[in-house]
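Topology and contacts: notes
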Amino acid sequence: MASTRWPAPAKLNLFLHVNGRRADGYHELQTLFIFLNHNDWLEFEVIPGSDSLTLSPAIPGVPDEQNLIIRAARLLQAKLPSPQGAHIRLEKVLPMGGGIGGGSSDAATTLVALNQLWQAGLCEDELAALGVQLGADVPVFVRGKAAFAEGVGERLQPVELPSAWYLVLKPDCHVATAAVFQDPDLPRATPKMALDNLLAGEWKNDCESLVKKRHPEVANALGWLLEYAPSRMTGTGACVFAQFEDEVTAREVFAKVPKGLDGFVAKGENISPLFWTLQQFK
């Protein structure tokens, strides 16, 4: 059997526009997702004939019933004709509350991996439909292709982006996505644009100014990074990033990062590392 150790990669929102608030309270968005070759790892040990699901190590402050990994596995279990369980080991690399998709990516990897290991037989569309119940970002990780997203993030159009390297910094703060979208000061009126126009225009993140006001750590990290390259916040933060043409330049800047500021350098990927792991089973 192929490896049961599966990657859950980071993502960046290369731009994020908030186009308006819907009647149901969710927001209409336009955003551009790319994956990074920097990820959490999940290892799955299948337990046939049992519906037991365990996760180790436990994530501090997150009970199992709220953990997206366990919730994803439970959703998939409900589709099985006979009981299957699993013990899941998580190697946490991606920061929580960073806007690079750690929890959503973990959930998507759980759906994709256990669908294969349990031989559940769900297609990509069915897995993505389960994923959207867990979070708006989960389907893009399930589908595994860099994408332009609209709606609440669930309408995806694959894109092919030029090769690039990214320096990502994680300020020492946790940004709650719900709090950002509930804030009355969040800009919500960026006009919708065609993808070609968006790709040719100047990229921005509509959440950035609000998060910088609420979290000075984000403003400070972004201010430092902007000295070296055009830089933005990803998602609702707290992570900020700069794009470089090559790894050497990105690492040269990373070597100058002030003490106390965490980060990493990673290559942008149009195809998720999760996709290549899944191909081992084909």
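Computed from a predicted model, the values in this text were never measured in an experiment.

A look at the overall build of the protein chain
The helix and strand tally for the protein chain stands at 10 helices and 10 strands. Against the 2.2 N^0.38 benchmark of 19 Å for 282 residues, the protein chain shows a C-alpha radius of gyration of 19 Å, consistent with a compact globule. In terms of its C-alpha atoms, the protein chain occupies a principal-axis envelope of roughly 55 × 45 × 35 Å. Intrachain contacts of the protein chain at a sequence separation of at least 6 include 76% that bridge at least 24 residues. Entry remark: accessible area of the protein chain is about 12700 Å², with carbon and sulfur atoms responsible for 52%. Measuring between centres, the 25 positive side-chain charges of the protein chain sit 2 Å from its 32 negative side-chain charges.

What about helix H2 (residues 102–117)?
Along its 16 residues, H2 runs 22 Å from first to last C-alpha, staying within 8% of the 22 Å computed at 1.5 Å per residue. For H2, the tally of buried residues reaches 14 of 16 residues, placing the bulk of the element in the interior. Gln119, located one to two residues past H2, shows a positive phi value of around 55 degrees.

As for the nonpolar core
Nonpolar side chains in soluble globular proteins generally cluster together in the buried interior. Formed by 40 residues in total, the largest nonpolar core has its most connected members in Trp6, Phe44, Leu76, Leu111, Leu114, Trp118 and Val142. With 7 residues, H2 is the largest single contributor of residues to this core. Apart from residues no more than four positions distant in its own chain, Phe44 is found in contact with Thr4, Trp6, His87, Ile88, Thr109, Thr110, Ala113, Leu114 and Leu117. With 30 residues, the next largest nonpolar core counts Cys173, Cys207, Ala221 and Leu261 among its residues.

Quick look at the pattern of salt bridges
A side chain with one charge can pair with a side chain of the opposite charge if their charged atoms come near. In total, this model carries 14 salt bridges according to the counting rule given. Between Glu124 and Arg143 there is a salt bridge, with the nearest N and O atoms lying 2.9 Å from each other. Of this pair, Glu124 sits in helix H3 (residues 124–132) while Arg143 sits in helix H4 (residues 138–143), and the two are 19 residues apart along the sequence. For Glu124, a relative accessible area of 35% translates into the label partly exposed. The partly exposed category is assigned to Arg143, whose relative accessible area is 25%. Salt bridges linked by common partners bring Arg22, Asp24, Glu28 and Lys192 together as one network.

What to know about the pairing of strand S9 (residues 240–244)
Burial analysis of S9 places 4 of its 5 residues in the buried class, the great majority of the element. Pairing analysis gives 5 bridges linking strand S7 (residues 165–170) to S9, with the strands arranged antiparallel. Bridging from a neighbouring strand, Leu167 pairs with Ala242 of S9. Pairing geometry for strand S8 (residues 231–233) and S9, over 3 bridges, is antiparallel. Paired with Arg232 across the strands is Phe241, a residue of S9. Linking two consecutive strands that pair antiparallel, namely S8 and S9, is a turn of 6 residues; a positive phi of about 55 degrees is found at Gly235 within it.

Some details on the side chain of Asn39
Tracing the backbone shows Asn39 in strand S2 (residues 27–48). Classification of Asn39 by relative accessible area gives buried; the value is 9%. With sequence-adjacent residues up to four places away left out, Asn39 is seen in contact with Pro7, Ala8, Pro9, Ala10, Val93 and Leu94.

Observations concerning the domain arrangement of the protein chain
Partitioning the protein chain into domains gives domain 1 (4–159 + 270–281) and domain 2 (164–268). Centre-to-centre, using C-alpha coordinates, domain 1 lies 22 Å away from domain 2. The interface is formed by 31 residues belonging to domain 1 together with 36 residues belonging to domain 2. Buried surface at the junction of domain 1 and domain 2, summed over both partners, amounts to about 2800 Å²; 64% is from carbon and sulfur atoms. Three residues, Leu14, Leu16 and Val18, lead the burial of domain 1 against domain 2; their summed loss comes to 19% of the area buried on that side. Along the contact surface separating domain 1 from domain 2 lie 1 salt bridge. Of the charged contacts in the structure, one is a salt bridge between Lys192 and Glu28, with a shortest N-O distance of 3.1 Å.

Topic: the layout of surface pockets
By volume, the largest pocket is sized at about 1300 Å³. In terms of lining residues, the largest pocket is bounded by 48 residues, among which Ser104, Gly135, Ala136, Asp137 and Thr177 are the most central. Taken together, the elements giving at least two residues each to the lining of the largest pocket come down to strand S1 (5–21), S2, helix H1 (68–77), H2 and helix H5 (177–182). Of the residues assigned to the lining of the largest pocket, the class counts are 19 nonpolar, 21 polar and 8 charged. Each of domain 1 (4–159 + 270–281) and domain 2 (164–268) gives at least three residues to the lining of the largest pocket. One number sums up the size of the second largest pocket: a volume of about 270 Å³. Taken together, 19 residues form the lining of the second largest pocket, with Val112, Glu124, Val142, Leu278 and Lys282 sitting closest to its centre.

Definitions and limits used
Residues numbered from 1 in each chain as written. Predicted model: local features only at pLDDT ≥ 70, side-chain atom pairs only at ≥ 80, totals over all residues. Heavy atoms only, no water. Helix = DSSP H or I, 4+ residues; strand = E, 2+ residues; numbered from the N terminus. Rg over C-alpha atoms; globule rule 2.2 N^0.38 Å. Contact = heavy atoms within 4.5 Å. Areas by Shrake-Rupley, 256 points an atom, 1.4 Å probe, with all protein chains shown as cover. Lys, Arg positive; Asp, Glu negative; His and termini not counted. Charge placed at Lys NZ, Arg CZ, Asp CG, Glu CD. Expected span 1.5 Å × (residues − 1). Buried < 20%, exposed > 50% of the residue type's maximum accessible area, 1.4 Å probe, protein only. Core = buried A, V, L, I, M, F, W, Y, C linked by side-chain atoms within 4.5 Å. Salt bridge = Lys/Arg side-chain N within 4 Å of Asp/Glu carboxyl O. Pairing = 2+ DSSP bridges. Domains from an automatic or database assignment. Buried area = accessible area lost by both parts, 1.4 Å probe. 1 Å grid on protein atoms, 1.4 Å probe; cavity = no way out; pocket = protein on both sides within 12 Å on 5 of 7 lines; lining within 4 Å. Points joined across faces, edges and corners; volume = space filled by probe spheres on them. Nonpolar A, V, L, I, M, F, W, Y, C, P; charged D, E, K, R; others polar.

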